[in-house]
Amino acid sequence: MGKTLGYVGVALVGTLLLYGCSGPEEEVAQHQPHSVAEERASEPEPPAQHVEPLNVMISTAAFLRPDRRLMVEGETNLPNDAQLQVVVEREISRVRWQERTRVVNGKFEAGPLGSGSGLPDGSYLVTVQLGEATVQPESVQARIGTQGEYLAGELISQSRHGLGQVATYSRRFLVGSEPRRTRDQVDVIEDK
């Protein structure tokens, strides 16, 4: 009987050790806190900041200097420091002159544009383009979006390079001393 008690005692101690080792582990596993990532995932996300779309407006005026080179002035509702490209293109020859400028208090200007000998009489296209958001200062990106996604209106299109939305404004001008007949809406810029 002594040996039987010994076996029972060993079996009892072994059972207690197994139970003692496994029981609390199971309880610990059940009561372990979630990982930090799980806790963050379960927290409600802060609401996304709503940015009002910017319905882009651009207008321009052009005038000839005494040397017959063109000055372009404009107004816009784009944010300060927005980088613009102003291009003047002679329609008949496709010769172009361009200048980068920026918006200051809702205004911009570029020029003088044209060859050193002055612009010959003819039809010209003035184009103003707001470049991709990736080339804009951070303050401008905050308003227009990192892909131009907050830009809106009829001047907005997808960039040719797939870098988001851009704004493009174009206007035709006739340069010359006598008005020309045309059915298009153009401004005539005469010598003074």
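**Q** An account of the sheet that holds strand β2 (residues 58-64) is requested, with residue identities and associated values reported.
**A** Taken in spatial order, the three strands make up an open sheet running β2-β3-β6, and their pairing is antiparallel. Two strands in the sheet have a free side with no partner beyond their single neighbour: β2 and β6 (107-113). Along the sheet, successive strands turn relative to each other by an average axial angle of 15°, direction set aside. Where strand β3 (residues 70-76) and β6 come together, five bridges link them in antiparallel fashion.

**Q** How would you summarise the side chain of Thr101 if you had to cite specific residues and measurements?
**A** Within the secondary structure, Thr101 sits in strand β5 (residues 96-102). You can call Thr101 buried: its relative accessible area is 12%. For Thr101, the side chain forms a polar contact with the main-chain oxygen of Glu109, separated by 2.9 Å.

**Q** Tell me about the pattern of salt bridges, and please be specific about residues and values.
**A** This model, assessed by the stated rule, comprises seven salt bridges. Note that Glu75 and Lys107 form a salt bridge whose closest N and O atoms lie 3.2 Å from each other. Taken together, the positions of Glu75 in strand β3 and Lys107 in strand β6 put the pair 32 residues apart, joining distant regions of the chain. Judged by its relative accessible area of 45%, Glu75 is partly exposed. In this structure, Glu89 and Arg94 form a salt bridge, with 3.3 Å as the shortest nitrogen-oxygen distance. Glu89 sits in the buried class, given a relative accessible area of 13%. Within this structure, Glu89, Arg94 and Arg96 form a network of salt bridges that share partners.

**Q** Quick one: what's the story with the environment of Tyr150, residue by residue and with numbers?
**A** Along the chain, the position of Tyr150 falls in the loop between α3 (138-144) and β8 (151-152). Taking relative accessible area as the criterion, Tyr150 reaches 25% and is therefore assigned partly exposed. C-alpha separation for the pair Tyr150 and Val56, spaced 94 residues apart in sequence, amounts to 9.9 Å. Beyond its immediate sequence surroundings of up to four residues, Tyr150 is in contact with Val51, Pro53, Leu54, Ala142, Arg143, Ile144 and Gly145.

The rules we used
Residues numbered from 1 in each chain as written. Predicted model: local features only at pLDDT ≥ 70, side-chain atom pairs only at ≥ 80, totals over all residues. Heavy atoms only, no water. Pairing = 2+ DSSP bridges. Helix = DSSP H or I, 4+ residues; strand = E, 2+ residues; numbered from the N terminus. Axes fitted to C-alpha atoms, helices over the stretch in contact; angles between N-to-C directions. Buried < 20%, exposed > 50% of the residue type's maximum accessible area, 1.4 Å probe, protein only. Polar contact = N/O pair within 3.5 Å; in protein donor to acceptor, adjacent residues only side chain to side chain. Salt bridge = Lys/Arg side-chain N within 4 Å of Asp/Glu carboxyl O. Contact = heavy atoms within 4.5 Å.

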